[in-house]
Amino acid sequence: MTSSACEIWGDLSGVRSLFPVLNRTVHKTPLVYLDNAATTPRPQPVIDAVLRYEETFPANVHRGVHTLSGEATDAYENARRRIAAFFGAETLVFTRGATEAINLVANTWASDHLQAGDEILISALEHHANIVPWQMLCERQGCVLRVVDVDDNGELCMQAVEAAMTDRTRLIAITGVSNAIGTLTPINDICAAAKSRGIPSLVDGAQMVPHMPVDVTAIGCDFFVFSGHKMYAPAGIGGLLARTAILEDMSPWQGGGDMIRTVTMERSTWNDVPWKFEAGTPNIGGAIGLGAAVDWLKTLGMEPIATREAALLSDMIGRLQSIDRVHLVGQPSQRAGSVSFVIDGMHPADVGAMLDRHGIAIRAGHHCAQPILERLGYTATIRIAPAFYNTDAEMDVTEQAIRRIIDVFG
Ligand code: PLP
């Protein structure tokens with residue numbers, strides 16, 4: 001364990017005791033959860049906040065006149081304010097997650113502003129969530145999707161991004177961290193370069209928010225999207241962060257309750273931002289849970305989390321590199337969150353299933369990022385995604401399990 005983790009979280013047992021799921025056994029073995037890039041476990045403060053809503057004021061927001069509805073509305077809107085402040089953002093629109101937030105931008109701002117021949121620039125690292133909505137937009141509107149390639153290490157170079165910008169580039173939509181191979185991209189520089197050319201930028205922050213302090217104003221992007229379940233909150237909640245003025249200028253997307261000001265049979269008028277984009281009953285408990293997750297992360301501190309996770313990741317990379325027949329997929333100079341690898345002669349899915357027999361949860365497959373795996377010459381990898389609460393002993397158990405699997409089955 002790093003000294004900073006010792007100082008801040010004791011021996012980690014305190015922070016680990018907050019995750020009920022870590023008490024589980026899987027196949028009669030204590031669970032070692034290393035699939036944090038897919039979703040993070042929920043700590044007790046988040047579970048408690050959701051339970052409190054469900055048990056004491058499970059009412060709808062904005063519309064009710066009774067006490068419970070007022071309490072639900074206060075908790076929901078309070079969570080919005082705390083989450084936006086945590087990210088240094090002016091306005092937060094709640095969505096189901098990063099995917100829905102990107103689709104929201106594609107179907108509103110981009111639909112309104114992009115024309116045939118206009119270009120959207122993404123990178124080869126993107127999750128399908130930051131590829132497919134743009135492909136659909138291009139199909140509808142005749143825009144062109146351009147892709148900045150990475151180098152053979154899976155690194156996204158600033159020069160390549162700048163070279164790919166043209167006078168038809170109307171949006172740059174790039175991930176901050178690759179979920180498949182862990183590359184940390186030069187997102188601040190990309191957004192600054194975009195801004196200097198008058199090009200709006202969207203950052204897919206799904207894999208940034210659990211691992212590092214994020215200030216969207218400092219990043220300088222126009223849109224920032226993220227998912228709650230990757231930062232210790234429930235699934236089905238996340239958001240789009242943007243300046244109020246941009247959101248005010250955007251058409252609504254989904255129609256229904258709450259997003260309207262008035263409705264007649266002839267026409268409707270729209271609610272203010274952010275509610276204009278929140279049609280229907282939202283995930284109220286999820287939003288309250290996300291607020292609790294942010295409060296909890298603040299008490300832990302994103303800096304110590306980043307330090308601890310960098311140490312864990314580099315330890316795991318060293319261990320993997322010491323095992324014969326293991327090959328890392330992607331060797332970016334800066335990374336966060338995860339490491340991907342393959343083992344000669346073994347299918348990643350088989351390795352994943354065998355690790356599960358040891359109680360170790362990892363991800364095997366294409367990680368919803370098929371293009372980057374294909375770019376690096378693979379169709380599937382094994383991905384280990386530790387988080388700050390994972391112990392050195394768990395790293396040991398995982399290394400030994402991989403060695404044993406190779407010895408017995410390889
Ligand atoms: N972007 C990245 C980089 C991701 O890792 C993920 C999920 O793995 C997403 C977007 C989509 O997130 P969600 O499924 O929560 O909408």
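Quick notes on the rules
Residues numbered from 1 in each chain as written. Predicted model: local features only at pLDDT ≥ 70, side-chain atom pairs only at ≥ 80, totals over all residues. Heavy atoms only, no water. Core = buried A, V, L, I, M, F, W, Y, C linked by side-chain atoms within 4.5 Å. Buried < 20%, exposed > 50% of the residue type's maximum accessible area, 1.4 Å probe, protein only. Helix = DSSP H or I, 4+ residues; strand = E, 2+ residues; numbered from the N terminus. Domains from an automatic or database assignment. Contact = heavy atoms within 4.5 Å. Near = heavy atom within 4 Å. Polar contact = N/O pair within 3.5 Å; in protein donor to acceptor, adjacent residues only side chain to side chain. Areas by Shrake-Rupley, 256 points an atom, 1.4 Å probe, with all protein chains shown as cover. Pairing = 2+ DSSP bridges. Axes fitted to C-alpha atoms, helices over the stretch in contact; angles between N-to-C directions. Arc of directions from axis to C-beta. Parallel < 35°, antiparallel > 145°, perpendicular 65-115°, else oblique. Left-handed = near helix turned anticlockwise from the far one by under 90°. Buried area = accessible area lost by both parts, 1.4 Å probe. Salt bridge = Lys/Arg side-chain N within 4 Å of Asp/Glu carboxyl O. Nonpolar A, V, L, I, M, F, W, Y, C, P; charged D, E, K, R; others polar.

## Quick notes on the nonpolar core
Phe87, Phe224 and Phe226 are the most contacted members of the largest nonpolar core, which has 84 residues in total. With ten residues, helix H11 (residues 284-300) is the largest single contributor of residues to this core. Looking at which domains feed residues into this core, each of domain 1 (3-42 + 301-409) and domain 2 (47-298) supplies at least three. Dropping the residues within four chain positions of it, Phe224 is found in contact with Val203, Gly205, Met208, Val209, Val214, Val216, Ile219, Gly239, Leu240 and Leu241. Of all hydrophobic cores here, the second largest spans 31 residues; its members include Ala101, Val105, Trp109 and Ala129.

## Section: the site of the ligand
The environment of the ligand is made up of 13 residues, and the closest members are Thr99, Asp204, Gln207, Ser227 and Lys230. The separation between an oxygen atom of the ligand and a polar side-chain atom of Thr99 is 2.6 Å. Asp204 places a polar side-chain atom, nitrogen or oxygen, 2.5 Å from a nitrogen atom of the ligand. Relative to its unbound accessible surface of 400 Å², the ligand loses 85% to contact with the protein.

## Description of the sheet that holds strand S10 (residues 238-242)
Pairing in this open sheet of seven strands is mixed, and the strands run S4-S10-S9-S8-S7-S5-S6 from one edge to the other. The sheet terminates laterally at strand S4 (91-95) and strand S6 (144-148), the two strands that pair on one side only. Taken pair by pair, the neighbouring strands of this sheet meet at an average axis angle of 20°, ignoring direction. Where strand S8 (residues 201-204) and strand S9 (residues 223-227) come together, three bridges link them in parallel fashion.

## Section: helix H13 (residues 348-357)
Of all the positions in H13, only Pro348, Val351, Gly352, Met354 and Leu355 are classed as buried. One side of H13 holds all its buried residues, which, seen down the axis, span an arc of 165°. Of the surrounding elements, those touching the buried residues of H13 are strand S14 (339-343), strand S15 (360-361), strand S16 (363-365), strand S17 (381-384) and helix H15 (392-409). Phi for Gly359, located one or two positions after H13, is positive at around 80°.

## A closer look at unusual backbone geometry
If a residue is not glycine, its phi is most likely negative; likewise, a peptide bond is most likely trans. Cis peptide bonds are those with omega within 30 degrees of zero, and the linkage from Val273 to Pro274 qualifies with 5°. We note that Asp258 has phi near 75°; this positive angle belongs to a residue other than glycine. Here Asp258 shows up in the loop between helix H10 (244-248) and strand S11 (260-263). Although it is not a glycine, His367 adopts a positive phi angle of roughly 60°. Note that His367 resides in the loop between S16 and helix H14 (370-375).

## Details of the packing of H13 against H15
Relative to each other, H13 and H15 sit at 120°, their axes nearing to 10 Å. Compared by their axis directions, H13 and H15 come out oblique. Seen from above, H13 lies across H15 with right-handed handedness. Counted together, Val351, Met354 and Leu355 of H13 and Ala401, Ile402, Ile405 and Phe409 of H15 form the full contact between these two elements.

## So, the domain arrangement of the chain
With domains assigned, the chain is organised as domain 1 (3-42 + 301-409) and domain 2 (47-298). Here the C-alpha centre of domain 2 lies 27 Å away from the C-alpha centre of domain 1. Contact with domain 1, which involves 42 residues of that partner, is made by 39 residues of domain 2. A per-residue breakdown of the area domain 1 buries against domain 2 is headed by Arg42, Met302 and Arg375, which together make up 21% of the total. In this structure, Asp152 engages Arg375 in a salt bridge whose closest nitrogen and oxygen atoms are separated by 3.0 Å. Our enumeration of links across domain 1 and domain 2 arrives at 25 residue pairs in polar contact (both at pLDDT 80 or more). Among the secondary structure elements, those contributing two or more residues to the side of domain 1 that touches domain 2 are helix H12 (302-321) and H14. Per-class residue counts for the side of domain 1 that touches domain 2 are 23 nonpolar, 13 polar and six charged.

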